[in-house]
Amino acid sequence: MTEQGLLEKIVSLCKRRGFVYPGSEIYGGLANTWDFGPLGVELKNNIKRLWWETFVHKREDILGIDGGIILNPKVWEASGHVSGFTDVLSECKSCHKRFRVDQLERAKKCPECGGGLTEPKRFMSMFKTFVGPVEDSASVAYLRPETAQAIFVNFKNVVDSFHPKIPFGIAQIGKAFRNEITLGNFIFRDLEFDLMEIEYFIRENDWQRYFEEWKGLMENWAVGLGVNKSLLRWREHSAEERAHYSKRTEDLEFKFPFGFKELYGLAYRTSYDLTNHSKISGKDLSYQDLETGEKFLPHVVEPAMGVERTVITLLFSCYKEEKGRVVLQLSPKIAPYKVAVFPLLANKPELVSKAREIFENLKTEFHVAWDDRGNIGKRYYAQDEIGTPWCVTIDFQTLEDNTVTVRDRDTTKQERIAISDLKDYFSSKLSL
Ligand code: GAP
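Source: prediction; values computed, not measured.

A. The packing of helix H2 (residues 38-57) against helix H9 (residues 307-318), seen in detail. The geometry of H2 relative to H9 is characterised by a closest axis approach of 10 Å and an angle of 110° between their N-to-C directions. With respect to H9, the axis of H2 lies roughly perpendicular. Every pair of crossing elements has a handedness; the one defined by H2 and H9 is right-handed. Each of Leu-43, Lys-44, Ile-47 and Lys-48 in H2 lies in contact with H9, whose residues at this interface are Val-307, Glu-308, Thr-310, Val-311 and Leu-314. Looking at the contact of H2 with H9 residue by residue, the class counts come to five nonpolar, one polar and three charged.

Structure, rendered in structure tokens:
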């Protein structure tokens with residue numbers, strides 16, 4: 001299978017089986033927008049929940065917040081985004097499409113229609129909107145391009161309520177918006193996406209140590225989720241490439257069919273944000289060490305991880321074709337359904353009612369699928385394709401001895417398990 005062929009197969013599976021649909025499809029779509037279907041939303045929610053458990057609940061040094069999408073526009077002036085969050089674009093003089101200059105590869109003509117190009121100009125990548133009834137410059141607001149700023153502007157609130165001891169982090173998951181003009185590659189680059197970010201506040205002298213530590217934590221998280229480690233690499237940004245706030249950035253890149261590209265980013269933001277917010281808001285955002293009395297503006301190491309990039313990376317890592325079946329080998333922890341329950345035959349009421357009983361009981365603890373269409377082979381095929389780790393079949397033996405078959409997605413092996421043991425059986429597998 002060619003690598004492009006793999007991308008097409010994944011896009012088609014995602015649409016057919018309800019993971020990802022093209023945005024506004026009945027109106028011809030909208031570039032770089034996608035909607036997540038019933039299975040996609042489960043997958044995304046499972047990733048976000050696991051991330052929160054890993055980096056917030058299981059750590060004593062990280063607290064979570066949920067800040068606004070629309071913040072006071074002064075936030076984006078202080079953060080440098082109004083002046084610095086830009087792409088350099090050239091516009092075609094005849095079809096008026098805009099292209100990122102860094103991606104034109106020295107072409108002097110429009111790649112779409114061959115028209116002449118304007119001189120490169122900076123365009124802001126933040127979406128603008130207006131707050132209130134009047135659309136003038138005084139009412140301009142922006143949709144956040146990163147969740148980080150709500151963390152910086154709430155830094156003092158969190159410190160005052162919790163008095164965390166440095167080093168500590170503040171985490172947030174939420175939508176971010178960017179006016180992306182580069183097209184294609186499925187959900188890799190979107191106008192809106194979910195961002196999982198941590199601002200980890202440290203003393204300046206410690207930044208290299210924590211930078212290295214977070215590299216390890218980010219990579220372990222990705223590999224633990226099921227990302228293929230052999231397709232990952234770290235790449236350091238050059239000085240020209242680094243965001244305006246960063247003194248060092250490294251991307252964790254994944255080898256997609258369209259080349260090595262950023263999965264996650266790690267930046268050392270120094271005290272850039274807290275310094276600017278202190279200056280422009282006039283509020284003292286310094287941190288006081290309660291033991292030593294020392295007061296200072298903390299520095300920050302920032303791991304930033306996109307949910308859609310996680311999803312697309314997992315799809316490429318977990319998609320397998322083998323022995324006449326397609327199998328999505330998602331980790332059971334994030335698979336949309338944990339278990340599927342089938343009566344062996346849909347026209348035998350005693351099998352169906354026993355299967356319904358088991359289905360209802362498992363549903364109280366796991367997200368469970370029900371399927372009584374077609375033959376068992378087709379049902380297995382359909383569940384393998386969406387990554388359901390275990391299938392439970394209720395057959396005639398069940399009616400005699402209260403056992404069922406449990407079939408494992410990856411090995412395709414089946415074992416007989418007592419109905420009374422099923423919940424424990426799946427719980428222990430899920431806790432591995
Ligand atoms: N606060 C830092 C920050 O926003 P970034 O590298 O610009 O850093 C962080 O973005 C992460 O967000 C990326 O590593 C990627 O996972 C994801 N991401 C960025 N732009 C994206 C887009 N247009 N569509 C989908 N995900 C995106």
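B. Just the packing of aromatic side chains, in detail. Considering all chains together, one arrives at 25 aromatic pairs under this definition. On the basis of an interplanar angle of 80° and a centroid distance of 6.0 Å, the ring pair of Phe-256 and Phe-316 is categorised as edge-to-face. Of this pair, Phe-256 sits in strand E12 (residues 248-256) while Phe-316 is found in helix H9, placing the two residues 60 residues apart along the sequence. Residue classification places Phe-316 among the buried positions, given a relative accessible area of 9%.

C. Summary view of helix H11 (residues 376-386). Taken across its 11 residues, H11 has eight buried, putting it largely inside the fold. Among the residues of H11, Ile-376, Arg-379, Tyr-380, Ala-382, Gln-383, Asp-384, Glu-385 and Ile-386 are the ones counted as buried. Among the residues of H11, the N-terminal cap falls to Asn-375, whose side-chain oxygen and the backbone nitrogen of Gly-377 are separated by 3.1 Å.

D. Summary view of the sheet that holds strand E23 (residues 414-418). Read across the sheet, five strands follow the order E20-E19-E21-E22-E23 without closing on themselves; strand pairing throughout is mixed. Strands with a single pairing partner mark the edges of an open sheet, and in this sheet they are strand E20 (368-370) and E23. When strand polarity is set aside, the average angle formed by the axes of neighbouring strands in this sheet is 30°. Summarising the sheet, strand E19 (residues 339-343) and E20 pair through three bridges and their orientation is parallel.

About the cut-offs
Residues numbered from 1 in each chain as written. Predicted model: local features only at pLDDT ≥ 70, side-chain atom pairs only at ≥ 80, totals over all residues. Heavy atoms only, no water. Axes fitted to C-alpha atoms, helices over the stretch in contact; angles between N-to-C directions. Helix = DSSP H or I, 4+ residues; strand = E, 2+ residues; numbered from the N terminus. Parallel < 35°, antiparallel > 145°, perpendicular 65-115°, else oblique. Left-handed = near helix turned anticlockwise from the far one by under 90°. Contact = heavy atoms within 4.5 Å. Nonpolar A, V, L, I, M, F, W, Y, C, P; charged D, E, K, R; others polar. Phe/Tyr/Trp six-rings, centres within 6.5 Å; stacked < 30°, edge-to-face > 60°. Buried < 20%, exposed > 50% of the residue type's maximum accessible area, 1.4 Å probe, protein only. Polar contact = N/O pair within 3.5 Å; in protein donor to acceptor, adjacent residues only side chain to side chain. Pairing = 2+ DSSP bridges.

Read these as spatial facts, not as claims about activity.
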